[in-house]
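# An overview of the molecular structure
One-letter residues, chain by chain:
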Amino acid sequence: MPLVLYGARQVGKTYILQEFGRDYFKNSIYINFERMPAVAGYFEGDLRPDRLLRLLEEHFGARIVPEDTLLIFDEVQACERALTSLKYFCEEAPEYHIVAAGSLLGVAIRRESYSFPVGKVYVKTMYPMRFDEFLWAMGQEGLEHMIREHFVSMEPMPEAIHSELRLWWLRYLYVGGMPAAVRKYLEEKSLVNVPEVQSLIVNAYTADMAKYASESESTRIRGAYLSLPAQLAKENKKFRYKLIRKGATAGMFGDSIMWLHMAGVAIQSDLATVGELPLAAFRDVSAFKLYLSDVGLLCARANLVPENVLRDELSGVYKGALTENYVAQTLKAAGYELYYWTSDAPAAEVDFVIQINGRVIPVEVKYDTGVRSKSLREFCRRYAPEYALRVSGKNFGEEEGIRSIPLYAAYCI
């Protein structure tokens, strides 16, 4: 089956597919449907694979050999018929290797006119670089291997290494995982110019809102997106429509939230009213949290400078916001559906509740080493999970069924 790769704009989809073609095929044919309207026109008629292959060979002046050629359909949301053609390639010409990608594919598929080839394609999602990938980019593979070893053994990391990793993590908190931002930091060995790159990415997102939605829709989408730093700057991070504008309601902005989610620009965590299996059965659709897809973009949106993060100059609430956003994107990239849990009597809130190997596991998130875990213990008292996770500034360790995971090791979960 062809492969369809989801992911937000500028997360690295085009780069990785072209690199894949260079490494594993004798040649690749790259088609960007936004930039090549003439090629998009070939898909307006008959979608028989033999006809399309003949036209593509003539256009690019190259033979398309099944075992040697990779066909890359990029920005496929700009050509609905090209997406539909993947069904026929799967059924009638499965010997050909095809990969497709689109920055706003999730948004496009929601539109009524789109016919997605369900069951005829593999689907994968690409996310911003995780902290382990950031360490690889910085040439710190040895430190990354140490993290994995200590996660398995739960033995404390040597304090000097623990402190060094904490500093690397703070840098990642500011840079984030967008490849262009990571490259800027790697090339200049300085955080000063990273926000310029991040601003360009944010501008590209807001430009997409205007391009792929009506004027009134794009205004609402942009309003919801711009409210996210303020949404997270509260003790209770439940999404509040009134922070978008006075009088805003779910009826007015529900589709805007869905757009951000489907575009890969935001990550949604839903309230689970009960900490039992299956979590989806206890989802409260009226209560959710919304995080940015990348913590570095959150720093940029909040107009933070490197010293604010590296020298611990942020308010306690916003340190918590950045840390929670970081853990949210890390867990999402690992494939987990995100939930959180609250209780009124006694008052308690667990930041994340996820399903790991058929078990419900609570995850508490703290920026610092001072942890009391009252909410986590209340969850454990009620639902008796096999174990609980506390992701914080503390070193590895385990006590009373709570496993302590340093923030820099969250990707191991």
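Residues numbered from 1 in each chain as written. Predicted model: local features only at pLDDT ≥ 70, side-chain atom pairs only at ≥ 80, totals over all residues. Heavy atoms only, no water.

Strands belonging to one sheet form pairs held by backbone hydrogen bonds; the direction of such a pair is parallel or antiparallel. Across the sheet, which stays open at both edges, the eight strands sit in the order β7-β6-β8-β9-β10-β11-β13-β12 with mixed pairing between neighbours. In the strand order of this sheet, the two ends are held by β7 (283-292) and β12 (397-399), each with one partner. The mean inter-strand angle of the sheet, taken between neighbouring strand axes irrespective of direction, is 30°. Inspection of the sheet shows strand β11 (residues 388-392) paired to strand β13 (residues 402-406) by five bridges, in the parallel sense. Looking at the pairing, V391 lines up with I405 of β13. The sheet strands contacting helix α17 (residues 374-383) are β8 (339-343), β9 (348-356), β10 (359-365), β11 and β13, and the helix crosses β9 at an angle near 55°. (Pairing = 2+ DSSP bridges. Helix = DSSP H or I, 4+ residues; strand = E, 2+ residues; numbered from the N terminus. Axes fitted to C-alpha atoms, helices over the stretch in contact; angles between N-to-C directions. Contact = heavy atoms within 4.5 Å.)

Counting buried positions over the six residues of strand β3 (residues 69-74) gives six, a clear majority of the element. Covered by surrounding structure in β3 are T69, L71 and F73 together with L70, I72 and D74, the residues of both alternating faces. Judged from the six bridges that link them, strand β2 (residues 27-32) and β3 form a sheet pairing that is parallel. Each residue of the ladder has a partner; that of N32, found in β3, is D74. Examined bridge by bridge, β3 and strand β4 (residues 97-101) share four bridges and lie parallel to one another. Note on β4: the bridge partner recorded for L71 is I98. Once the chain exits β3 it traverses helix α4 (residues 80-92) before rejoining the sheet at β4, and the crossover so formed is right-handed. (Buried < 20%, exposed > 50% of the residue type's maximum accessible area, 1.4 Å probe, protein only. Right-handed = clockwise from strand over helix to strand, strands pointing away.)

Applying the stated rule across the entire model yields 21 aromatic pairs. Judged by centre distance (5.7 Å) and plane angle (85°), the rings of F43 and F73 are edge-to-face. Taken together, the residues span a long stretch of sequence, with F43 in the loop between α2 (37-41) and α3 (49-60) and F73 in strand β3 at a distance of 30 residues. Overall, the relative accessible area of 0% leaves F43 in the buried class. For F73, a relative accessible area of 0% gives the class buried. Note on F239 and F288: the rings are 5.3 Å apart at their centroids and 15° apart in plane angle, and the pair reads as stacked. (Phe/Tyr/Trp six-rings, centres within 6.5 Å; stacked < 30°, edge-to-face > 60°.)

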